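# Report on the structure
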Amino acid sequence: MSAHQLASIYKKLSADLSSLVQPILCSKALLVHLSHTLEDYVLTHDQPTIIFTGFQESSHWRNETERYFDLARVAQQVCVFAGKLLPAESSAQLLQIELADGDPLLQEWFLIILCEDFSILLSGLEDIEADNVEEQQIFETILTFDPAVIAPALVILEGVIGHYRPLFLTRFQDLVASHAVRVANPTALATLMTDLLLFQNSLNRALAKRDREIRHIVSSINDHVYVFSALRTGGIRHLYSAPNMEQLNGYPVSRKETDGGFWLSLIHPDDLERVLAHNQQLSANSRSVIDYRMFHADGRLIWVRDSVRIEPSDDEDALYTVFGVVSDVTFLKEAEQDQIEREKLRLAFDKEHQLNQLKSSLLVTLAHEFRTPLATIGIARDILDRYSDRLSEGQRQQRLNTIQAQVDHLASMLDDIALIVKNDLNLLMFRPTLQDFVYLCQTIINEIRSIIELPDRVVFQSEMEFLVALVDARLIRFVLVNLLTNGLKYSEDEVVVSLALKAGQIHMTVRDQGIGISLEDQADIFQPFFRAPNAQFYAGSGLGLKVAYDCVQLHQGSITLESTKGEGSAFHVSIPFVQSAV
Ligand code: ADP
C-alpha cells in the first residue's frame, strides 16, 4: 500500500481551483441523465475512451452493472470506484476499486470521460444528511470540459489507484499519457448541449402538467386551500389562495389577496378574539385546528374549520409558512347542536324521572314512617281521653310528653323532606356569610350537649382558635347536627368532632366507636331513605345524611365515610376555605 494522501476530487478542485470551477446544484435525476447521455455517446461513437467513475453503493447503481460491462467492451479502460464492489471484473478493460471506509472519495459521485471528441469531468458531493428520496437528493456539482481542471483530478485518481491497486499503476499512467486531455470539439459539445436542452424541456413540460393537475385537484374540492408566509414584521404574504374560496363564503379570492384584513373582517365578532389568540400561539413545525363562525356573502352565518400545518420558511423575512385548509362544517355544528339539545332534554327528563321516583318513595315512606308516631300519639290521646280521671298528674304529663316527642319527630322528618325536595328542585338557597367557623361549631355542639343526658359524650377539638370563613351557617348546622346526633345515636361512647385547616380546605371529622357501617352499605349511605340493616332497632328516617350531603355539596365541598362494621364510623367533611366574597 502506498502512503499516498487520499483526497476528495470535489473538495480538492473547488479549494485549489476556485477561479476555474463554479459548483452548481444538480438533482440526482439530472446527474443520472447527464452520465447516461455521456456514456451513450461513448457507446454509439465507438472511440478509444477511458472512463473513471465513482459512487456510493446504492440499488440504483447496482442496476447499472450491465452498462459498465457494455462500456468496458467498447472503451479501452473503465475504472469503477465504489464502497462495495459490483460483480467480478468482466475483462481487463474493467477495473474495480473497493474504497475503504473513511476514504474521502466515498462521499462523492464522479465521472471522468476522456475520448477523442471531448474530455469531461462531473463531480458531486453527496449530501449525507439528506433523508429525502434518492432521486430528489441535491448534489453540489462541478461540471467542466476544462483540461486545466480535469488534469489535476486525474492526478488524484492516480494516487487512489496507486494506493489500492499498485500493480495497475503503470497501465494507468500509460493510458493517461496516451490519451491527452483535450478541448471538446464543437460538434460533440453541440450534441451534448442539445440533449440537455431537450431534457430540460421535458422536465418543464412534466412540471407544468403536474402544476395543472394540482390546480385542478385543489379547485375541484370544496375546501379552500391557502398558503401564506408570516413575516417578521408582523404582516403576512399570500403565496397561494385557491379560487374556490367563492364556493366557501361567496367572495372572490381576489378580495383576500388584495385586502390583508379581509378574512378577519368576515369572522363573527364573538369568535374573533379566540381566533386571534389562537393565531398568536402558532409556531413552526406544528399543526392546529380551530372552528369559528364567519359571515357568508349572502348574509348567512357559517361554521368553518381552519386546519393548518406550519413549516419553517426559506425566506429570510418570514418566520414560517402556513399551509391551510378551510372547510365548511356548518352541518356538523348543527348536528352537534342538535345532539346537545337532545342531551339537555334527556337530562331534564332524567331529572323529572328522578323527582317522580323521589316523590313516590317519599309518599311510601311518609305513609310508613308516619304510621308509628301517629299510632303512638293516637294511643296516648286515647288513654288521656278515656282514663283522664283515673290518671295521676305525673301519668298525664308522661302521655302528653309522648305525644309531644312524636310530634317533634314528625316535624323534624317533614323538615328534612322539605330540605331534600327543595335541593332537588334547586330551590335550596346557599347564602354564605363570614362566620367564625370554630365558634359556629362550638355553639351547635353546646346546644346539643344541653339536651342530651351525658353532655360529656361530645368532645370538641380544633387546631385553630378561630377561623373566619365564608359559609352558610344554617347549612353547616344541618351537617353537624345530623352527623353528631347519628354518632350519639349509633354509639354509646364519646363522639369526637375535630376541626383542621389543610391545603385550603376546612376539614371537619365526626368520629364515633359505635355499630359502624358495612362496606356494602357504605355505597348507598347518602341515598335518601337508605338505612343499613344494623340500624333497624334505632329510630330514624334515612334522611339526615342526604341532607348533610346536599348542604356540603352547596359549599362545593365533599363528604366521605370511613367505617368498619362493629368498630365505629368517621364522617369527613371538607369544604373550601373561602375568606371573602371576592
Ligand atoms: P337515620 O335517621 O336512619 O339515622 P341518616 O340519613 O342520618 O338516617 O343515616 C342513614 C343511615 O346511615 C342510618 O340509618 C344508618 O344505617 C347509617 N348511619 C348513619 N350514621 C351512622 C353512624 N354514625 N354509625 C352507624 N351507622 C350510621
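The model shown is predicted, which means the values in this text are computed figures rather than measured ones. (Residues numbered from 1 in each chain as written. Predicted model: local features only at pLDDT ≥ 70, side-chain atom pairs only at ≥ 80, totals over all residues. Heavy atoms only, no water.)

### Here's the deal with the pairing of strand 6 (residues 119-125)
Along strand 6, seven of the seven residues are buried, which leaves the element largely enclosed by surrounding structure. Residue alternation in strand 6 divides its side chains into two sets, Ser-119, Leu-121, Ser-123 and Leu-125 and Ile-120, Leu-122 and Gly-124, and both sets are buried. Two elements, strand 5 (residues 108-114) and strand 6, share seven bridges in a ladder whose sense is antiparallel. Residue pairing for strand 6: Ile-112 is matched across the bridge by Leu-121. Between strand 5 and strand 6, which pair antiparallel one after the other, the connecting turn spans four residues. (Buried < 20%, exposed > 50% of the residue type's maximum accessible area, 1.4 Å probe, protein only. Helix = DSSP H or I, 4+ residues; strand = E, 2+ residues; numbered from the N terminus. Pairing = 2+ DSSP bridges.)

### Considerations on helix 2 (residues 28-45)
Since the α-helix packs 3.6 residues into each turn, any two residues three or four apart lie on the same face. The end-to-end C-alpha separation of helix 2 is 26 Å, in line with the 26 Å expected for 18 residues at 1.5 Å each. Listed in full, the buried residues belonging to helix 2 are Lys-28, Leu-31, Val-32, Leu-34, Ser-35, Thr-37, Leu-38, Glu-39, Tyr-41 and Val-42. Following helix 2 by one or two positions, Asp-46 has its phi on the positive side, about 50 degrees. (Expected span 1.5 Å × (residues − 1).)

### Brief notes about the packing of aromatic side chains
Counting across every chain of the model gives nine aromatic pairs. Between Tyr-41 and Phe-118, the ring centres sit 5.2 Å apart and the planes meet at 65 degrees, which makes this aromatic pair edge-to-face. Taken as a pair, Tyr-41 in helix 2 and Phe-118 in the loop between strand 5 and strand 6 lie far apart in primary sequence, 77 residues in all. Look at Phe-118 and you get buried, because its relative accessible area is 0%. Judged by centre distance (6.5 Å) and plane angle (80 degrees), the rings of Phe-118 and Phe-145 are edge-to-face. Linking Phe-118 in the loop between strand 5 and strand 6 with Phe-145 in the loop between strand 7 (138-144) and helix 5 (147-164), this pair joins segments that are 27 residues apart in sequence. On the basis of relative accessibility, which here comes to 24%, the residue Phe-145 falls in the partly exposed class. Counting every residue linked through ring pairs, the aromatic cluster contains Tyr-41, Phe-118 and Phe-145. The ring of Phe-323 has Arg-309 lying over it, and the distance from NZ or CZ to the ring centre is 5.0 Å. (Phe/Tyr/Trp six-rings, centres within 6.5 Å; stacked < 30°, edge-to-face > 60°. Lys NZ or Arg CZ within 6 Å of the ring centre and 35° of its normal.)

### Some thoughts on the pattern of salt bridges
Summed over all chains, the structure comprises 21 salt bridges. Across the pair Arg-386 and Asp-382 runs a salt bridge whose closest N-O atoms are separated by 3.6 Å. Of the two residues, Arg-386 and Asp-382 both sit in helix 12 (residues 330-387), four residues apart, roughly one turn of that helix. Among the residues examined, Arg-386 registers a relative accessible area of 56% and is labelled exposed. Measuring nitrogen to oxygen at the nearest pair gives 3.1 Å for the salt bridge that ties Lys-546 to Asp-550. In this pair, Lys-546 and Asp-550 both sit in helix 17 (residues 544-554), four residues apart, roughly one turn of the helix. Note on accessibility: Lys-546 and Asp-550 belong to one class, buried. (Salt bridge = Lys/Arg side-chain N within 4 Å of Asp/Glu carboxyl O.)

### Quick word on the packing of helix 2 against helix 4 (residues 65-74)
The geometry of helix 2 relative to helix 4 is characterised by a closest axis approach of 9 Å and an angle of 40 degrees between their N-to-C directions. Compared by their axis directions, helix 2 and helix 4 come out oblique. Crossing handedness for the pair helix 2 and helix 4: left-handed. On helix 4, the residues that touch His-36, Glu-39, Asp-40, Val-42 and Leu-43 of helix 2 are Arg-67, Tyr-68, Asp-70, Leu-71 and Val-74. Residue composition of the contact of helix 2 with helix 4, grouped by class: five nonpolar, one polar and four charged. (Axes fitted to C-alpha atoms, helices over the stretch in contact; angles between N-to-C directions. Parallel < 35°, antiparallel > 145°, perpendicular 65-115°, else oblique. Left-handed = near helix turned anticlockwise from the far one by under 90°. Contact = heavy atoms within 4.5 Å. Nonpolar A, V, L, I, M, F, W, Y, C, P; charged D, E, K, R; others polar.)

### What to know about the site of the ligand
In the vicinity of the ligand lie 21 residues, with Asn-486, Tyr-490, Arg-531, Ser-541 and Leu-545 positioned nearest. At a separation of 2.5 Å, an oxygen atom of the ligand approaches a polar side-chain atom of Arg-531. In isolation the ligand has 520 Å² of accessible area, and contact with the protein removes 97% of it. Looking at the shell around the ligand, the elements with two or more residues in it are helix 15 (473-489), helix 17 and strand 19 (568-576). (Near = heavy atom within 4 Å. Polar contact = N/O pair within 3.5 Å; in protein donor to acceptor, adjacent residues only side chain to side chain. Areas by Shrake-Rupley, 256 points an atom, 1.4 Å probe, with all protein chains shown as cover.)

### Focus on a negative patch on the surface
Together, Asp-456, Glu-492, Asp-493 and Glu-494 give the surface a local cluster of negative charge. On the secondary structure map, Asp-456 appears in the loop between helix 14 (437-451) and strand 14 (458-462). Under the relative-accessibility criterion, Asp-456 is labelled exposed at 68%. (Patch = residues over 30% accessible without salt bridge, like charges linked within 9 Å, V, L, I, M, F, W, Y side chains within 5 Å. Lys, Arg positive; Asp, Glu negative; His and termini not counted. Charge placed at Lys NZ, Arg CZ, Asp CG, Glu CD.)

### Examining the sheet that holds strand 2 (residues 50-55)
The strand order 1-7-6-5-2-3-4 describes an open sheet built from seven strands, whose pairing is mixed. Among the strands making up the open sheet, the edge pair consists of strand 1 (24-27) and strand 4 (94-98). Strand-to-strand twist of the sheet, defined as the mean angle between neighbouring strand axes without regard to direction, takes the value 20 degrees. This element, helix 4, spans strand 2, strand 3 (77-82) and strand 4 of the sheet and lies at about 150 degrees to strand 3. Contacts from helix 5 reach strand 2, strand 3, strand 4, strand 5, strand 6 and strand 7, with the element oriented near 110 degrees to strand 5.

### A short note on the environment of Phe-168
Residue position: Phe-168 is located in the loop between helix 5 and helix 6 (169-178). In sequence terms Phe-168 and Glu-64 are 104 residues apart; their C-alpha atoms lie 24 Å from each other. When residues no more than four places from it in sequence are discounted, the contact partners of Phe-168 are Gln-77, Cys-79, Leu-95 and Ile-161.

### Considerations on the packing of helix 5 against helix 6
At a minimum axis separation of 9 Å, helix 5 and helix 6 run at an interaxial angle of 160 degrees. Taken together, the axes of helix 5 and helix 6 are roughly antiparallel relative to one another. Handedness of the helix 5/helix 6 crossing: right-handed. Residues Leu-154, Leu-157, Glu-158, Ile-161 and Gly-162 of helix 5 lie in contact with helix 6, whose contacting residues are Leu-169, Phe-172, Gln-173 and Val-176.

### Considering the sheet that holds strand 12 (residues 318-328)
In space, the five strands of this open sheet follow the order 9-8-12-11-10, with antiparallel pairing throughout. Because the sheet does not close on itself, it has two edges, and the strands there are strand 9 (236-241) and strand 10 (286-295). Strand-to-strand, the axes of this sheet are offset by a mean angle of 25 degrees, without reference to chain direction. The pairing of strand 10 with strand 11 (residues 301-312) spans ten bridges and is classified as antiparallel.

### Notes on the state of the cysteines
Here is the idea: a disulfide is a covalent bond, and it sits between the sulfur atoms of two cysteines. Taken as a whole and assessed by the stated rule, the structure comprises zero disulfides. Left without a disulfide partner, Cys-115 is nearest to the cysteine sulfur of Cys-79, which lies 15 Å away. Looking at Cys-115, the relative accessible area reads 1%, which means it is buried. Counting only cysteine sulfurs, Cys-441 is the nearest neighbor of Cys-551, a cysteine outside any disulfide, at a range of 14 Å. (Disulfide = S-S within 2.5 Å.)

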